[in-house]
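Read off the chains here:
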Amino acid sequence: QVQLVESGGGLVQAGGSLRLSCAASGSIFRINAMGWYRQAPGKQRELVGVSTSGGDTNYADSVKGRFTVSRDSAKSTVYLQMNNLKPEDTAVYYCNARILTHIVLPANDYWGQGTQVTVSS
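All of the points below concern the structure found in this document. All values derive from a computational prediction rather than experimental measurement.

What counts, and where the lines are drawn
- Residues numbered from 1 in each chain as written.
- Predicted model: local features only at pLDDT ≥ 70, side-chain atom pairs only at ≥ 80, totals over all residues.
- Heavy atoms only, no water.
- Helix = DSSP H or I, 4+ residues; strand = E, 2+ residues; numbered from the N terminus.
- Contact = heavy atoms within 4.5 Å.
- Salt bridge = Lys/Arg side-chain N within 4 Å of Asp/Glu carboxyl O.
- Buried < 20%, exposed > 50% of the residue type's maximum accessible area, 1.4 Å probe, protein only.
- Polar contact = N/O pair within 3.5 Å; in protein donor to acceptor, adjacent residues only side chain to side chain.
- Phe/Tyr/Trp six-rings, centres within 6.5 Å; stacked < 30°, edge-to-face > 60°.
- Lys NZ or Arg CZ within 6 Å of the ring centre and 35° of its normal.

Structural notes on the environment of Ser-76
(1) Moving on: Take Ser-76: it is sitting in the loop between strand 7 (67-72) and strand 8 (77-82).
(2) Moving on: For the pair formed by Ser-76 and Ser-25, sequence separation is 51 residues and the distance between their alpha carbons is 7.4 Å.
(3) Moving on: Not counting chain neighbours up to four residues away, the residues in contact with Ser-76 comprise Cys-22, Ala-23, Ala-24, Ile-31 and Met-34.

Observations regarding the pattern of salt bridges
(1) Moving on: Enumeration over the complete set of coordinates arrives at 5 salt bridges.
(2) Moving on: A salt bridge links Asp-89 to Arg-66, with the shortest nitrogen-to-oxygen separation between them at 2.7 Å. Placement of Asp-89 in the loop between strand 8 and strand 9 (91-100) and of Arg-66 in the loop between strand 6 (57-59) and strand 7 is noted, with a sequence separation of 23 residues between them.
(3) Moving on: Take Arg-66: its relative accessible area is 9%, and that puts it in the buried class.
(4) Moving on: Overlapping salt bridges, with partners in common, bring together Arg-38, Glu-46, Arg-66 and Asp-89 in one network.

Regarding the environment of Thr-118
(1) Moving on: Along the polypeptide, Thr-118 turns up in strand 11 (residues 115-120).
(2) Moving on: Of the residues examined, Thr-118 reaches a relative accessible area of 28% and is grouped as partly exposed.
(3) Moving on: In this structure the C-alpha to C-alpha distance between Thr-118 and Lys-64, which are 54 residues apart in sequence, comes to 19 Å.
(4) Moving on: Here Thr-118 is in contact with Gly-10, Leu-11, Val-12 and Thr-90, once residues within four sequence places are set aside.
(5) Moving on: There is a polar contact of 3.3 Å between the side chain of Thr-118 and the side chain of Gln-116.

Examining the side chain of Thr-77
(1) Moving on: Position of Thr-77 among the secondary structure elements: in strand 8.
(2) Moving on: A relative accessible area of 8% places Thr-77 in the buried class.
(3) Moving on: A polar side-chain atom of Thr-77 sits 2.9 Å from the main-chain carbonyl oxygen of Lys-75.
(4) Moving on: Ignoring anything within four residues of it in the chain, the contact list for Thr-77 reads Cys-22, Ala-23, Met-34, Ser-70, Arg-71 and Asp-72.

Comments concerning the packing of aromatic side chains
(1) Moving on: Inspection of every chain in the model, using the stated rule, returns 1 aromatic pair.
(2) Moving on: Geometrically, the ring pair formed by Tyr-37 and Trp-111 is edge-to-face, given 5.1 Å between the ring centres and 65° between the ring planes. With Tyr-37 in strand 4 (residues 30-39) and Trp-111 in strand 10 (residues 108-111), this pair connects stretches of sequence that are 74 residues apart.
(3) Moving on: Here the guanidinium or amino end of Arg-19 rests over the ring plane of Tyr-79, the centre of that ring lying 4.1 Å away.
(4) Moving on: Above the ring of Trp-111, the side-chain terminus of Arg-45 is found at 4.7 Å from the ring centroid.

As structure tokens, then:
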């Protein structure tokens, strides 16, 4: 079993900052990628940013220059630093990880429980 546990989130005024954390635990052989998605009310879940095992980090255009995804591989943890937050960033943020639980098995996607981020104007 693999678990992703998120922390952080909350209510912040526009222009403020928040930091989310997500720690993976359980039967992990290797983590290929870790990142963040978000889902606003009435909208589909969308990519925020992802850090690959190759060291690349990709971001949605809407957050480039404001959000930073970083990983601590030793702790199996991924972070999302969000600066200059805007009301349109309001959403439930989900941690995602593509994890191999065994060397002979394919990688699967795992999700955190989601954490609410609300940005007031």
